[in-house]
Number of protein chains: 2
Amino acid sequence: MGLAKTEIFTDEQNQISVFAKAFGHPARVAILQHLFKIDTCFCGDLVKEIGLAQPTISQHLKELKYLGLIKGTVEGTSVCYCIDMANWKEMKDIMTEFLGQDLLPKDECC
Amino acid sequence: MGLAKTEIFTDEQNQISVFAKAFGHPARVAILQHLFKIDTCFCGDLVKEIGLAQPTISQHLKELKYLGLIKGTVEGTSVCYCIDMANWKEMKDIMTEFLGQDLLPKDECC
DNA sequence: TTAATTCATTGCAATATTACGATTAATATT
DNA sequence: AATATTAATCGTAATATTGCAATGAATTAA
């Protein structure tokens, strides 16, 4: 099948998985880290920085943009990408709550 | 190709992506949430709880177990799964650091 | 205008993922 | 022993993902 049966899960569960999937490729992790590192946001530099072909980077950027985690503005012939902090924070809250789940002191039956 | 060129990324980037991929399917998110919710850990109940076929759940459990996020012990004919808190915390630290990245006040050039 | 630059899009090949029926292995129950 | 229960594994179909060469669109530079 290759496709998840999203209809049987909660919106929250689907949302978590969608965000997680965005981080499920090292190139996208690297792109985001680089966009955080340089406070002025560059773009085509990502191709050199990451080391994948330009169409491949473009594709990864597209996914991140679709999720709202980054935004890009055209500047002459180049495009400037940067983190969308509002959406990033929203995503971060959702993911942090998921990761922050805790067991009672006893727990771990296995 | 369908496979990531992991060799061009740092260990950290690859590790983040591997953990993230584990959460990249709502069924695995649901499984983990359920294992957190019930402090006594059940197993075959997951099949009823989640609503996917038994082999499918078994496959998802296998992935989570491979990453060390859960552990399972045989009890009679059934298997008891639960969160591996030590590994979960380790993963949580890595992911939290990634998510916690912050920009300088100015930022957001776009 | 022509050429160069930058990036998006298209098309495709290779591989991965998801899901489940059928089967198997292991233990429990009768 | 025979049967039932539980869960792992195998095999397979459908779909998704990754990566890149080739191409196209837009802007800038000459």
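Everything below is about the structure shown above.
Residues numbered from 1 in each chain as written. Chains lettered and ligands numbered in written order. Predicted model: local features only at pLDDT ≥ 70, side-chain atom pairs only at ≥ 80, totals over all residues. Heavy atoms only, no water.

### Things to note about helix α4 (residues 54-66) of chain A
Residues and elements named next belong to chain A.
In step 1: Between its first and last C-alpha, α4 extends 18 Å over 13 residues, near the 18 Å set by a 1.5 Å rise per residue.
In step 2: Taken together, the buried positions of α4 are Ile57, His60, Leu61 and Leu64. In a view along the axis of α4, the buried residues occupy a sector of 100°, so they form one face of it. Exposed side of α4, more than 90 degrees from the buried face: Pro55, Gln59, Lys62 and Tyr66 are the residues found there.
In step 3: The inward-facing, buried residues of α4 abut α1 (11-22), α2 (26-37), α3 (45-50), β1 (70-75) and β2 (78-83).
In step 4: Note on α4: the residue one or two positions beyond its end, Gly68, has a positive phi of about 85°. (Helix = DSSP H or I, 4+ residues; strand = E, 2+ residues; numbered from the N terminus. Expected span 1.5 Å × (residues − 1). Buried < 20%, exposed > 50% of the residue type's maximum accessible area, 1.4 Å probe, protein only. Arc of directions from axis to C-beta. Contact = heavy atoms within 4.5 Å.)

### Topic: the environment of A:Ala86
Residues and elements named next belong to chain A.
In step 1: You can see Ala86 is positioned in helix α5 (residues 85-99).
In step 2: Judged by relative accessible area, Ala86 falls into the exposed class, the value being 54%.
In step 3: Remark: the alpha-carbon pair of Ala86 and Ile70, spanning 16 residues in sequence, is separated by 9.9 Å.

### Here we look at the interface of chain B and chain A
In step 1: Counting residues at the interface gives 53 residues for chain B and 53 residues for chain A.
In step 2: Here chain B and chain A share an interface that buries about 4600 Å² over both sides, 68% of which is from carbon and sulfur atoms.
In step 3: Summed over the shared surface of chain B and chain A, the number is 4 residue pairs in polar contact (both at pLDDT 80 or more).
In step 4: Put simply, the parts of the chain that give the side of chain B that touches chain A at least two residues each are α1 (11-22), α2 (26-37), β1 (70-75), β2 (78-83) and α5 (85-99) of chain B.
In step 5: For the side of chain B that touches chain A, the leading source of residues is α5(B), giving 9 residues. (Buried area = accessible area lost by both parts, 1.4 Å probe. Polar contact = N/O pair within 3.5 Å; in protein donor to acceptor, adjacent residues only side chain to side chain.)

### A closer look at α2(A)
Residues and elements named next belong to chain A.
In step 1: Helix length check: α2 (12 residues) gives 16 Å between terminal C-alpha atoms against 16 Å at 1.5 Å per residue, within 8%.
In step 2: With 11 of 12 residues buried, α2 lies mostly within the body of the structure.
In step 3: Within α2, burial applies to Pro26, Ala27, Arg28, Val29, Ala30, Ile31, Leu32, Gln33, His34, Leu35 and Phe36.

The analysis is restricted to geometry; functional conclusions fall outside its scope.
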